[in-house]
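Secondary and tertiary structure notes
Residues per chain are reported as follows:
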Amino acid sequence: MIREATQDDAVAIDAFLAEHAASSMFLRSNLASQGVGISDHPLSSRIFLREVEGIVGVFGVTKGGYLMVQMPDLTSDAATAFARSISGSTVLGMTGPTAQVETTLVALGLDNGEFRLNHDEPLYRLELSQMSAQTVDCRPMEPSDVPLLEGWFAQYLTDTNQASAEEAKKIAPARARSDLETGRVRLLMKQGKAVAMASLNAIVSDHVQVGGVYVPSDMRGRGYGRDVTLGLLQEAKGNGKKVAVLFANNPPAARAYEAIGFEQVGWYRIALLGQPQEIRS
C-alpha cells in the first residue's frame, strides 16, 4: 500500500530517512525546511509512504517536478503503486540510490525517455572527525562576487550536463543571487583572487551535503577543488556538524574527495529529462 503523508507523519518520516542518511539528504532537507505538502516554495513536496508495520519506503514529489526515493527493498509493485499515486503529475527528473531510481523510472514509464542527464555518480561519506587536518582559509560569497559567480554557475551547470549553455546562462543569475542570500557558498582565495567555490546544498541535523564544487578550467589540476571543499567542511565541523556526504561527477573530483578522507558508500542516480513529462499510470 502507498499512501500520501501528512504533516503528522513528519517525525516518523525523518526517523526512517535518518537510518539511510547518506542517500536521503535531499528528502530530509526538503522535509526539514518545507514540511509535508505543497506550498509556494519550489522545494515543497508531496510525500508518499510505503508501510509494513511502520515506514519502509518514502517517495517525494517536489512542486518543481522532481522525484526522490528512499526504499532499500523497493519492489516493482511498490514502484507501480507510487506511479499510480502521482498519475497526471508532470515531472522533470529524479534522484536517489541507483537501483531504486531505475525501478521507479520503469514503473513511471520513463525508462526509455529522452534525458539530458541520466547517469550514476559515486556516493561518498566522511566523518568530519576523520578529516584531513590541513587548514584552509575560505571566505563567504560577497555581493561583489555575484557577476563572477554568475559565470561560474553557468559553466558548472554546463560542465555537469544539468543544462545547455543557453539554459545555464538564464539560470545562473538567480542561482548566484540565491546562494548569496543563503550564505552557503565559500570561495578559495589566492593572492586576492577567487580561484574555486564550494557550497552546501543540504543541511540536516549534524549532516551536510556538499554541492556546486567548481574550479575554472584554467586553474584546474592545482588541488583547488580539494582545498575549497576542505575549507568548507572545516567550517561545518566548527559549527557542530559531524558527517558530510557528496557525489563525485568525474574521476578527478573523486580523487580530490578521497584525498580529504571521503569513502565511497554507494551509487546515486541523477536523471534529468530533456522535456517535462506527464505521468500516465
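Everything in this summary refers to the structure shown in the same document. (Residues numbered from 1 in each chain as written. Predicted model: local features only at pLDDT ≥ 70, side-chain atom pairs only at ≥ 80, totals over all residues. Heavy atoms only, no water.)

1. Some remarks on the nonpolar core
Leu 233 and Phe 262 are the most contacted members of the largest nonpolar core, which totals 29 residues. Here the element with the most residues in this core is helix α7 (residues 224-238); it accounts for six residues. (Core = buried A, V, L, I, M, F, W, Y, C linked by side-chain atoms within 4.5 Å. Buried < 20%, exposed > 50% of the residue type's maximum accessible area, 1.4 Å probe, protein only. Helix = DSSP H or I, 4+ residues; strand = E, 2+ residues; numbered from the N terminus.)

2. Examining the sheet that holds strand β10 (residues 207-214)
Strand order in this open sheet of twelve strands is β1-β2-β3-β4-β5-β12-β6-β11-β10-β9-β8-β7, and the pairing throughout is mixed. In the strand order of this sheet, the two ends are held by β1 (2-4) and β7 (138-140), each with one partner. Taken over all neighbouring pairs, the strand axes of this sheet differ in orientation by 25° on average, direction set aside. Taken together, the four bridges between strand β3 (residues 55-62) and strand β4 (residues 66-70) define a ladder with antiparallel strand orientation. Across the sheet, residue Val 58 finds its bridge partner in β4, namely Gln 70. Docked against the sheet, helix α2 (residues 25-34) engages β2 (45-51), β3, β4, β5 (90-97), β9 (193-204), β10, β11 (243-247) and β12 (263-278), running at close to 75° with respect to β9. Contacts between helix α8 (residues 251-260) and the sheet are confined to β6 (115-127), β10 and β11, with β6 contributing the most and set at about 15° to the helix. (Pairing = 2+ DSSP bridges. Axes fitted to C-alpha atoms, helices over the stretch in contact; angles between N-to-C directions. Contact = heavy atoms within 4.5 Å.)

3. A short note on the pairing of β3
By the criterion of burial, β3 is predominantly enclosed, with seven of the eight residues buried. Bridge count for β2 against β3 is seven bridges, and the pairing is antiparallel. When the bridges of β3 are listed, Arg 50 appears paired with Gly 57. Counted along the chain from β2 to the antiparallel partner β3, the turn is three residues long, and its residue Glu 53 has a positive phi close to 55°. Counting the residues that bridge the hairpin from β3 to β4 gives three residues, and of these Gly 65 lies at a positive phi of roughly 100°.

4. Some details on the pattern of salt bridges
Pairing between side chains becomes possible if they bear opposite charge and their charged atoms approach one another. According to the stated counting rule, one finds 14 salt bridges in the structure shown. A salt bridge links Lys 170 to Glu 166, with the shortest nitrogen-to-oxygen separation between them at 3.8 Å. Highlighted residues: Lys 170 and Glu 166, both in helix α6 (residues 165-182), separated by four residues, approximately one helical turn. A cluster of three or more residues bridged by salt bridges with shared partners is formed by Arg 3, Asp 9 and Glu 51. (Salt bridge = Lys/Arg side-chain N within 4 Å of Asp/Glu carboxyl O.)

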